[in-house]
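Below are the chains, spelled out letter by letter.
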Amino acid sequence: MLSPTHKIIEALLFSASEPITNEQAKVCLQEEIDLAQIVGEINEYYEQEKSPIWIQSLSGGYRLMTRSEYDPWISRLFQSKGNLRLSRPALETLSIIAYKQPVTRTEIDSIRGVTTVLKPLIEKNLIETKGRQEGPGRALLYGTTSHFLEYFGLATIKDLPKIKEIEEIMHDEPGESVQEREQA
Amino acid sequence: MSYHVKLDVFEGPLDLLLFFIKRDEINIYDIPISYITSEYLQYLELMKSMNLQLAGEFIYMASLLMRIKAQMLLPHDINENLEEIEDPRTELVQMLVEYQQYKMASETLRNLEENQQHYHPVSADPETPSIDPDLFLWNVNLMDLGVMFHKLIETLPKPTYYEVDQIRMSIGQQIRFIHSLFGEKSRLRFFEIAKQLKNRVEVVVTFLAILEMVKSEVVHVSQKDIYGDIWLSKIKTKVQDAVANA
């Protein structure tokens, strides 16, 4: 069973249109709370009850979400949303920005080897300017937004798979010869 | 016999080079530059022959590849100090490795994106106003349609002139018309009479005719409730006079 505090948190999450942070919950409840723990307990309860909803840790807060097994029905309700996927160039650009932020457009271009268009990503509120670079030209610096985290289901930017992990996967294939060479 | 040409879409020259490297299982740190240059140039020729516009970046990479190839072919001066001479491929390899890193990272993002799209937030997301417009019709009732129609009418430009028709109907005519309707009946309903009239003016004239008949005590009117139907009852003795007076 859920305690009154749990139920208040549940109500807060239900009424919010974006992730609720520990700070926001504290202000609403007028007392110190450990939102992560409460959310964990509510999720356990949901699990027991086989509830179609759960609370996801997103962008530094928590949000009520439907479970993935109900997606077939819900996606029919949001027909056009289901088809909206980012293009390959957009994802490439996003990954560079996500890992290297803050980063200038010139840096992005030189990594991709092509000219990059950032406007669509800004319009989708996935990236934003984060000031200007020091030095000549004072180029604009870009970084990811909180919506980026929500879009990719991340609690913080640190939850992105480490570039080292990706490198390891990469080195598993052609990298063997490199290791062999090093051993030799 | 049919001949199929399949062209993969490459994001740029680095993407294309990585494709060759993967396809031919080439070690990225030891690229056979002569081979890969000829593969690359062949692909550019293919693109040209299909009238595909080549982006400047592809041309630039071609020149870079040929420069590296030339540098590799040139005999190295044997360095007096036997210092290791930098491999001319180093810069290209670094570019490829870095690009591949982010390309793989973008595939990770793709997975995250796909995964997250299976979850839906509990409240309507204002950032995705993407519901099929047809679905909105589910919640529409007749009242909404009526209100919408009314609003639509109001937005139409107001007519700036009115046509005035001559009224081709007189009160006398309508008194005779009502008498003809009575026939053998002793009572008539006003709504019944009005049904046979074409427009508002005719209704008004007919109503005036009834008032005239009431005044001359030809008929008696009664109504059960407000806005209800009006009953006309004939007062027999005066009928002839009223017709005569009209």
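Quick look at the structure, then. (Residues numbered from 1 in each chain as written. Chains lettered and ligands numbered in written order. Predicted model: local features only at pLDDT ≥ 70, side-chain atom pairs only at ≥ 80, totals over all residues. Heavy atoms only, no water.)

### Quick word on helix H6 (residues 88-100) of chain A
Stage number 1. Taking 1.5 Å per residue as the helical rise, H6(A) with its 13 residues ought to reach 18 Å, and the 18 Å between its terminal C-alpha atoms agrees with that figure.
Stage number 2. Taken residue by residue, H6(A) has A:Ala90, A:Leu91, A:Glu92, A:Thr93, A:Leu94, A:Ser95, A:Ile96, A:Ile97 and A:Ala98 as its buried positions.
Stage number 3. Elements in contact with the buried residues of H6(A): helix H7 (105-112), helix H8 (119-123), strand S3 (127-132), strand S4 (140-144) and helix H9 (146-151) of chain A together with helix H4 (90-116) of chain B. (Helix = DSSP H or I, 4+ residues; strand = E, 2+ residues; numbered from the N terminus. Expected span 1.5 Å × (residues − 1). Buried < 20%, exposed > 50% of the residue type's maximum accessible area, 1.4 Å probe, protein only. Contact = heavy atoms within 4.5 Å.)

### A few points about the packing of helix H1 (residues 13-23) of chain B against helix H2 (residues 33-49) of chain B
Residues and elements named next belong to chain B.
Stage number 1. Two numbers describe how H1 lies on H2: the axes approach to 11 Å, and their chain directions differ by 120°. Our classification of the angle between H1 and H2 gives oblique. The handedness of the crossing between H1 and H2 comes out as right-handed. Where H1 abuts H2, its residues Pro 13, Leu 16, Leu 17, Phe 20, Ile 21 and Arg 23 lie against Tyr 35, Ile 36, Glu 39, Tyr 40 and Tyr 43.
Stage number 2. Within the contact of H1 with H2, the residues separate by chemical class into 9 nonpolar, no polar and 2 charged. (Axes fitted to C-alpha atoms, helices over the stretch in contact; angles between N-to-C directions. Parallel < 35°, antiparallel > 145°, perpendicular 65-115°, else oblique. Left-handed = near helix turned anticlockwise from the far one by under 90°. Nonpolar A, V, L, I, M, F, W, Y, C, P; charged D, E, K, R; others polar.)

### As for the interface of chain A and chain B
Stage number 1. Taken together, the contact pairs 61 residues of chain A with 40 residues of chain B.
Stage number 2. Interface area, chain A with chain B, both sides summed: about 4600 Å², of which 58% is carbon and sulfur.
Stage number 3. Our count for the chain A to chain B interface comes out at 4 salt bridges.
Stage number 4. Residues B:Glu114 and A:Arg85 are paired through a salt bridge, measuring 3.7 Å at the closest nitrogen-oxygen approach.
Stage number 5. For the pair chain A and chain B, the number of links is 12 residue pairs in polar contact (both at pLDDT 80 or more).
Stage number 6. Counting residues per element, the side of chain A that touches chain B draws most heavily on H6(A), which supplies 9 residues.
Stage number 7. When its residues are assigned to classes, the side of chain A that touches chain B shows 31 nonpolar, 17 polar and 13 charged. (Buried area = accessible area lost by both parts, 1.4 Å probe. Salt bridge = Lys/Arg side-chain N within 4 Å of Asp/Glu carboxyl O. Polar contact = N/O pair within 3.5 Å; in protein donor to acceptor, adjacent residues only side chain to side chain.)

### Looking at the packing of helix H6 (residues 171-182) of chain B against helix H8 (residues 200-215) of chain B
Residues and elements named next belong to chain B.
Stage number 1. One way to put it is that H6 packs onto H8 with a least axis distance of 8 Å and a crossing angle of 75°. In terms of their interaxial angle, H6 and H8 are classed as roughly perpendicular. Taking contact as the criterion, the partners of Ile 171, Gln 174, Ile 175, Ile 178 and His 179 in H6 are, on H8, Val 205, Thr 206, Leu 208, Ala 209, Ile 210, Glu 212 and Met 213.
Stage number 2. Considering only residue class, the contact of H6 with H8 consists of 8 nonpolar, 3 polar and 1 charged.

### Description of the sheet that holds strand S2 (residues 219-223) of chain B
All names here are of chain B.
Stage number 1. Pairing in this open sheet of 3 strands is antiparallel, and the strands run S1-S3-S2 from one edge to the other. Single-partner strands in this sheet number two, and they are strand S1 (187-189) and S2. On average, each strand axis in the sheet is inclined to that of its neighbour by 25°, with strand direction left out of account.
Stage number 2. Of the strand pairs in this sheet, S2 and strand S3 (residues 230-234) are connected by 5 bridges, and their pairing is antiparallel. Residue pairing for S3: Ser 222 is matched across the bridge by Trp 231.
Stage number 3. Where H8 meets the sheet, it contacts S2 and S3, and its direction lies at approximately 115° from that of S2. (Pairing = 2+ DSSP bridges.)

### With respect to the pairing of strand S1 (residues 53-58) of chain A
Sheet faces and side chains relate simply in a regular strand, where the side chains alternate between the two faces.
All names here are of chain A.
Stage number 1. By the bridge criterion, 6 bridges tie S1 to strand S2 (residues 61-66) in an arrangement that is antiparallel. Bridge pairing links Trp 54 to Met 65 in S2.
Stage number 2. Connecting S1 to the antiparallel partner S2 that follows it, the hairpin turn spans 2 residues, and Ser 59 within it adopts a positive phi of roughly 45°.

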